[in-house]
Amino acid sequence: MDVRSVPAAPPSRLTLGLRWAVGISEIAGRREGLGVLAGLYSGGVLYGRDGERSVIDALLERVRTAGGGGGLVVHGDPGIGKTALLEYAAESATGMGVLRTVGVEPESDLTYAALHRLLLPVLDRIDRLPEPQARALSVVFGQAAGPAPDRFLVALATLSLLSEVAASRPVVCLVDDAHSCDAASQQVLAFVARRLEAEPIVLALAARDGEGRPPDTADLVDVPLSGLDRESARALIMEHTRHRLSDAGQEELLRATGGNPLAIRELSGTAWRTSGTGEPVPLAAGLQRAFLERARRQGRDAQEVLLLVAAAGAAPLATISRAAEARGVTAGPAVLHELRELIVEDGPTVTYRHPLIRSASYYGAGPHERREAHRALAAALQGEPAEADRRAWHLGRAAVGRDEKVAEELERSAERAMRRAGPGAAGSTLARAAELTVSETSRARRLVAAADACWQDGDAARAAALLDRAEHVPSPGDVPHREIAGLRASIEVRSGTPAEAVALLRPWLPDLLRTDRCRAVRLLLVFTRASLHANATEEWTAIAGVMEELSLSGEDAEDVLARLFRATCRVREGEDPGLAAGDLAAVERLTDPARLCWAGGMVRVVGHHELGSRLLHEAVRRARALGAAGVLAWALESLVTDELAGWRPRRPTRNRETAWPRKPARPTRPVPTEAGSPSSPHCAAESTRRGGWPRTC
């Protein structure tokens, strides 16, 4: 009889049918959302776990070659990948029979329930056992009447039955959720595990740490599971994410989940976005309940402390103690000792042992309880300048309704976060500030600023959603409308229609150049890129005319960049660029990666190719340091395009007869290249087709 062809009994609560691309047959899922094989498999590929797989492979190889068996227990937190490793063992057991069972809580008080599910496919072989053993199994499984047999006899009969099945080919027994198995089944399996050295049988158990009845694993190989390694976790994120996360976003997701594969899989497939604030990640109901069970076993005071630590993240014990005192609770040594399996002290700091336990504790509390915890923590941080950002964040989470004072604190915190931690954290903080803002104009402004930060962080979808909210604010005023147009244009350039970006900006730029040079230059950067991508450089004519009317004699960055744009427009007309003395040196002192990238393309056009290359490389470096994924993509695109083209623009000339035409015909010879670089007729033709401009700007 082929034991592998006999289906196991279905789980009692939920069955999830999964069919792998490699032809794995349908398998029974785990209960309540925890049975997606921890999200580790993709097309039959198990991410990471090289060491654990080698243990399984060695045990299976021993059975095949030496005829001796053994057992192992895989254990760890919920969602860590225990089921996936059992499935790996099943798929690796080629030429072997596979028997399965799973422990379920409703049956944990039913004697021999898990053992029955394991042996059900081979119970037709009971008659081959010695009569006392056959009778013992028949009685405990309800196939015969009689007094309850001795437990030793049941265990011996189980070993004999497995040996009988293994006589034709080796057998692999897989026991999932062993911690939820009934005590009698656990004792029988422990008995069998201690007697497999001479039997071609493998027993593999999977159990959660710190839950249910821990199985007797003294004679089994111990295989503890922790979070995935960084490379495997990133591969899992890329496999399941709906929206591409920036490097900073991936890092935050890894920190928030502790490398737990099921949590990574669930969060990657949702609309979750990096906040940069260290806020706990929301969990699916099944995973949250699994972790929350541990917290809810504690007393009331201990649960209050757990919620404060969950709301705070990693915080000094002194801060937690002050907040707990405000809540009428003492966070003393006795409480901390009671919680030693859930939280850890690292010097003066207290935090959760695992970030997902923190998430479960935080979201397991009601909204009012969470707000009160944040309010107590904010009060505990009062008067600590070094904790101003953390205090502002707690105030933002505690607020209900409009609160302009808190919104202002959050905006100041976002400004500091932009300089220190990058745009990801600033975007989330500004979005919360906008929710609390009283003034419609200020709310629109903060929403646009939040969208801008999200765009810099590479999150176009979230940026667009925030702009939609800003546009629906009543009476936002002209300034937010200009900023909305500029940001939407930026998004259109990168992920939409560049011509639409040109149309959005064209009405604003001329007047803005005369009245607000700083904002005008910001939009000018976007406008030039959009017109190049849309093959609409003729749109520059009106802007160039305005530039010629202006007195651009200042030394600030805006005037320098405006002069640089005016110089490129003159070069396009075959004229001398007319840059002021020191302009090129001033450009090299720029620090904003977007401005560096734009200037790098422009200075190449006016004949300073090496300087342009340096500026682009500096833009890449600074964008990476700030986590500005959107600008990084632009800078890298510019560098790659230039490397592929491998050429330098023609020298400017005052002779309009030989100036670059606006709509030239395809050139018949390659454009000159740098010394040592091959000519590229294709790139030269493409550049000339777009109005004689290299697309590096």
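Everything discussed here concerns the structure shown above.
Heads up: these notes are all about the structure in this document. None of the values given here were measured: they were computed from a predicted structure. (Residues numbered from 1 in each chain as written. Predicted model: local features only at pLDDT ≥ 70, side-chain atom pairs only at ≥ 80, totals over all residues. Heavy atoms only, no water.)

### Observations concerning the overall build of the protein chain
Next, step 1: Tallying secondary structure elements over the protein chain gives 31 helices and 10 strands in all.
Next, step 2: When the 697 residues of the protein chain are sorted by exposure, 55% land in the buried category.
Next, step 3: The long-range fraction of contacts in the protein chain, counting pairs at least 24 apart against all pairs at least 6 apart in sequence, stands at 70%.
Next, step 4: Split by element, the accessible area of the protein chain, about 29600 Å² in all, is 51% carbon and sulfur. (Helix = DSSP H or I, 4+ residues; strand = E, 2+ residues; numbered from the N terminus. Buried < 20%, exposed > 50% of the residue type's maximum accessible area, 1.4 Å probe, protein only. Contact = heavy atoms within 4.5 Å. Areas by Shrake-Rupley, 256 points an atom, 1.4 Å probe, with all protein chains shown as cover.)

### A few points about the packing of helix 22 (residues 498-505) against helix 24 (residues 517-533)
Next, step 1: One can describe the packing of helix 22 onto helix 24 by two numbers: an axis separation of 8 Å at closest approach and a directional angle of 140°. In terms of orientation, helix 22 lies oblique with respect to helix 24. Where helix 22 crosses over helix 24, the handedness of that crossing is left-handed. Between helix 22, through P498, A501, V502 and L505, and helix 24, the contact on the second element is made entirely by L523, V526, F527, A530, S531 and H533.
Next, step 2: Taken together, the residues of the contact of helix 22 with helix 24 break down into eight nonpolar, two polar and no charged. (Axes fitted to C-alpha atoms, helices over the stretch in contact; angles between N-to-C directions. Parallel < 35°, antiparallel > 145°, perpendicular 65-115°, else oblique. Left-handed = near helix turned anticlockwise from the far one by under 90°. Nonpolar A, V, L, I, M, F, W, Y, C, P; charged D, E, K, R; others polar.)

### Structural notes on the nonpolar core
Next, step 1: If you look at the biggest cluster of nonpolar residues, it comprises 56 residues, and the most contacted ones within it are F565 and W598.
Next, step 2: With nine residues, helix 24 is the largest single contributor of residues to this core.
Next, step 3: Here F565 is in contact with L524, T528, W540, I543, M547, W598 and M602, once residues within four sequence places are set aside.
Next, step 4: Counting residues in hydrophobic clusters, the runner-up holds 40 residues, among them L118, V171, A178 and F191. (Core = buried A, V, L, I, M, F, W, Y, C linked by side-chain atoms within 4.5 Å.)

### Side note on the sheet that holds strand 5 (residues 171-176)
Next, step 1: Taken together, the five strands give an open sheet; going across it, the order is 4-5-6-3-7, and neighbouring strands pair in parallel fashion. Two strands bound the open sheet, and with one partner strand each, they are strand 4 (97-102) and strand 7 (221-224). Going across the sheet, the axis of each strand differs from the next one's by a mean of 15°, ignoring polarity.
Next, step 2: In this structure, strand 4 lies alongside strand 5, joined through six bridges in parallel fashion. Across the sheet, the residue bridging to L99 is C173, located in strand 5. (Pairing = 2+ DSSP bridges.)

### Some thoughts on the pairing of strand 3 (residues 70-76)
Next, step 1: Most of strand 3 is tucked away, with seven of its seven residues classed as buried.
Next, step 2: Residue alternation in strand 3 divides its side chains into two sets, G70, L72, V74 and G76 and G71, V73 and H75, and both sets are buried.
Next, step 3: Bridging between strand 3 and strand 7 involves four bridges; their strand directions are parallel. Looking across to strand 7, one finds that V73 is bridged to D222.

### Observations regarding helix 15 (residues 367-380)
Next, step 1: End to end, helix 15 covers 20 Å across 14 residues, agreeing with the expected 20 Å (1.5 Å per residue, within 8%).
Next, step 2: The secondary structure elements touched by the buried residues of helix 15 are helix 11 (300-312), helix 12 (317-326), helix 14 (355-364) and helix 16 (388-398). (Expected span 1.5 Å × (residues − 1).)

### Quick word on the pairing of strand 6 (residues 201-208)
Within a regular strand, side chains alternate between the sheet's two faces.
Next, step 1: Summarising burial for strand 6: eight of the eight residues are buried, a large majority.
Next, step 2: Residues I201, L203, L205 and A207 point to one face of strand 6 and V202, A204, A206 and R208 to the other, with burial holding for every one of them.
Next, step 3: In the classification by handedness, the crossover that spans strand 5, the intervening helix 6 (residues 183-193) and the parallel strand 6 is right-handed. (Right-handed = clockwise from strand over helix to strand, strands pointing away.)

### Focus on the packing of aromatic side chains
Next, step 1: Enumeration according to the criterion identifies three aromatic pairs in this entry.
Next, step 2: Between the aromatic rings of F152 and F191, the centroid separation amounts to 5.6 Å while the plane-to-plane angle is 85°, which identifies the pairing as edge-to-face. Note that F152 is positioned in helix 5 (residues 151-166) and F191 in helix 6, a separation of 39 residues in sequence.
Next, step 3: We classify F191 as buried; its relative accessible area is 7%.
Next, step 4: Between the aromatic rings of W540 and F565, the centroid separation amounts to 5.2 Å while the plane-to-plane angle is 50°, which identifies the pairing as tilted. Placement of the pair is W540 in helix 25 (residues 540-549) and F565 in helix 26 (residues 557-572), with a sequence separation of 25 residues.
Next, step 5: The class for W540 is buried, based on a relative accessible area of 2%. (Phe/Tyr/Trp six-rings, centres within 6.5 Å; stacked < 30°, edge-to-face > 60°.)

### Comments concerning the sheet that holds strand 8 (residues 315-316)
Next, step 1: Taken in spatial order, the three strands of this open sheet run 8-10-9, and their pairing is antiparallel. For this open sheet the edge positions go to strand 8 and strand 9 (343-346), each flanked by a neighbour on one side alone.
Next, step 2: One ladder, built from four bridges, connects strand 9 with strand 10 (residues 349-352); its direction is antiparallel. Of the residues in strand 10, the one forming a bridge with D346 is T349.
Next, step 3: Along the sheet face, helix 11 touches strand 8, strand 9 and strand 10 and points at about 95° away from the line of strand 10.

### Section: the packing of helix 18 (residues 423-436) against helix 19 (residues 440-456)
Next, step 1: Closest axis-to-axis distance for the helix 18/helix 19 pair is 8 Å, and the angle between their directions is 160°. Our classification of the angle between helix 18 and helix 19 gives roughly antiparallel. Once helix 18 is placed against helix 19, the crossing between them reads as left-handed. For the pair helix 18 and helix 19, the contacting residues are P423, A426, G427, L430, A431, A433 and A434 in the first and R443, R446, L447, A449, A450, A453, C454 and Q456 in the second.

### Let's talk about the pattern of salt bridges
Once their charged atoms are close, side chains differing in charge can pair, the charge on each being opposite to the other.
Next, step 1: Taken as a whole and assessed by the stated rule, the structure comprises 33 salt bridges.
Next, step 2: A salt bridge links E440 to R443, with the nearest nitrogen and oxygen atoms 2.7 Å apart. Here R443 and E440 lie together in helix 19, a separation of three residues that amounts to about one turn.
Next, step 3: According to the relative accessible area criterion, E440 is partly exposed, its value standing at 29%.
Next, step 4: One salt bridge in this structure joins R488 and E471, with 3.0 Å as the shortest N-O distance. Linking R488 in helix 21 (residues 478-495) with E471 in helix 20 (residues 460-471), this pair joins segments that are 17 residues apart in sequence.
Next, step 5: The exposure class of E471 is partly exposed, given its relative accessible area of 38%. (Salt bridge = Lys/Arg side-chain N within 4 Å of Asp/Glu carboxyl O.)

### A short note on helix 11
Next, step 1: Counted at 1.5 Å a residue, the expected span for helix 11 with its 13 residues is 18 Å, and the 19 Å between its end C-alpha atoms agrees.
Next, step 2: In terms of burial, helix 11 is a largely internal element, 10 of the 13 residues being buried.
Next, step 3: All of the buried residues along helix 11 are A302, E304, V305, L306, L307, L308, V309, A310, A311 and A312.
Next, step 4: One or two steps after helix 11, the chain reaches G313, where phi turns positive at roughly 80°.

### Side note on the side chain of D452
Next, step 1: Along the polypeptide, D452 turns up in helix 19.
Next, step 2: A relative accessible area of 17% means that D452 is categorised as buried.
Next, step 3: Among the polar contacts made by the side chain of D452, one reaches the side chain of R522 at a distance of 2.9 Å.
Next, step 4: Non-local contacts of D452, meaning those with residues more than four positions away in its chain, are made with L487 and R522. (Polar contact = N/O pair within 3.5 Å; in protein donor to acceptor, adjacent residues only side chain to side chain.)

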